[in-house]
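# Examining the three-dimensional arrangement
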Amino acid sequence: MDGRDTRVQDNSVQALKLKKTVVLVGMMGAGKTAVGKALAQALNVPFRDSDAEIEIAAARSIAEIFERDGEAFFRRKEAQVISRLLDGTPSVLSTGGGAYMQEANRTAITDRGVAVWLDAPLNVLWNRVRHKDTRPLLRTDNPKETLREIYEARVPVYALADIAVPSEQGKTVEGMAQRVIEALKARDDVLKEG
């Protein structure tokens, strides 16, 4: 693809206007933050990350919040942050892997935004998270098995998302962002021509 074709593609994306917040949901390691940043840049809208917002408000990491205050406390704060971010200017919002498990969050996201599930297979997720120690739910004796258990429990709930976008090993972040844009174009309540 030459530079001219790229500009045409960029102009077609620039002509799209986001009507409501796109909320990326899915497992840890699915690429919600990386794809979210690329998607926000392509659509020329703000990128927000619910975990980062929680860390700023609490002045500590997610792992520290889990350790000190427990998961139930974290989930309450997460719901408050997601609700606040959904009320703002349409943007791209990356959520933590467990956020969509809460029915109240699912309802708020569907009512005031659009849930996009980045659907990555288990082997891809494991390859992405196995060398990271920032995942509090994987601090177990057998993190691979823990990830599999979480995956099996969560996939049926992620499948409730408004849109599912398959992810695979080797797909670039920009390629995934473009895949999400194509899926969003089918929803005239989410994207409109500029």
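Reference entry: report on the structure contained in this document. (Residues numbered from 1 in each chain as written. Predicted model: local features only at pLDDT ≥ 70, side-chain atom pairs only at ≥ 80, totals over all residues. Heavy atoms only, no water.)

### Topic: the packing of helix α4 (residues 62-69) against helix α5 (residues 71-86)
Look at α4 against α5: their axes get within 7 Å of each other, and the N-to-C directions meet at 125 degrees. Taken together, the axes of α4 and α5 lie oblique to each other. Contact with α4, carried on its side by Ile62, Ile65, Phe66 and Asp69, involves Glu71, Phe73, Phe74 and Arg75 of α5 and no other residues of that element. Residues that form the contact of α4 with α5 fall into these classes: five nonpolar, no polar and three charged. (Axes fitted to C-alpha atoms, helices over the stretch in contact; angles between N-to-C directions. Helix = DSSP H or I, 4+ residues; strand = E, 2+ residues; numbered from the N terminus. Parallel < 35°, antiparallel > 145°, perpendicular 65-115°, else oblique. Contact = heavy atoms within 4.5 Å. Nonpolar A, V, L, I, M, F, W, Y, C, P; charged D, E, K, R; others polar.)

### Quick word on the packing of aromatic side chains
We describe a pair of aromatic rings using the distance from one ring centre to the other and the angle between the two ring planes. One pass over the structure, following the stated rule, counts two aromatic pairs. Ring centres of Phe66 and Phe74 lie 5.0 Å apart, and the angle between their planes is 45 degrees; this geometry places the pair in the tilted category. An identical accessibility class is assigned to Phe66 and Phe74; each is buried. (Phe/Tyr/Trp six-rings, centres within 6.5 Å; stacked < 30°, edge-to-face > 60°. Buried < 20%, exposed > 50% of the residue type's maximum accessible area, 1.4 Å probe, protein only.)

### Focus on unusual backbone geometry
Even without glycine at this site, Asn44 takes up a positive phi of about 60 degrees. Along the chain, Asn44 falls in the loop between α2 (32-43) and β3 (47-49).

### Details of the side chain of Thr21
If you trace the backbone, Thr21 turns up in strand β2 (residues 21-25). You can call Thr21 buried: its relative accessible area is 2%. At a separation of 3.3 Å, a polar atom in the side chain of Thr21 contacts the main-chain amide nitrogen of Ser91. Apart from residues no more than four positions distant in its own chain, Thr21 is found in contact with Leu85, Leu86, Thr89, Pro90, Ser91, Leu93, Arg112, Gly113 and Val114. (Polar contact = N/O pair within 3.5 Å; in protein donor to acceptor, adjacent residues only side chain to side chain.)

### Looking at the sheet that holds strand β5 (residues 113-119)
Strands sit in the order β3-β4-β2-β5-β6 across an open sheet of five strands; the sheet is parallel. Looking at the sheet topology across the chains shown, the edges are occupied by β3 and β6 (163-166). Sheet twist, expressed as the average angle between the axes of neighbouring strands with direction ignored, equals 25 degrees. The pairing of β3 with strand β4 (residues 92-94) spans three bridges and is classified as parallel. Paired with Phe47 across the two strands is Val92, which belongs to β4. Against the sheet, helix α3 (residues 50-58) engages β3 and β4, with an angle of about 65 degrees to β3. Running over the sheet, α5 touches β2, β3, β4 and β5 and is turned about 150 degrees from β2. (Pairing = 2+ DSSP bridges.)

### With respect to the packing of α3 against α5
Close contact between α3 and α5 brings their axes to 9 Å; oriented N to C, the two are set at 115 degrees. In terms of orientation, α3 and α5 fall into the roughly perpendicular class. The crossing of α3 and α5 is right-handed. Residue-level contacts link Ser50, Asp51, Glu53 and Ile54 of α3 to Phe74, Lys77, Glu78, Val81, Ile82, Arg84 and Leu85 of α5. For the contact of α3 with α5, the residue count by class is five nonpolar, one polar and five charged. (Left-handed = near helix turned anticlockwise from the far one by under 90°.)

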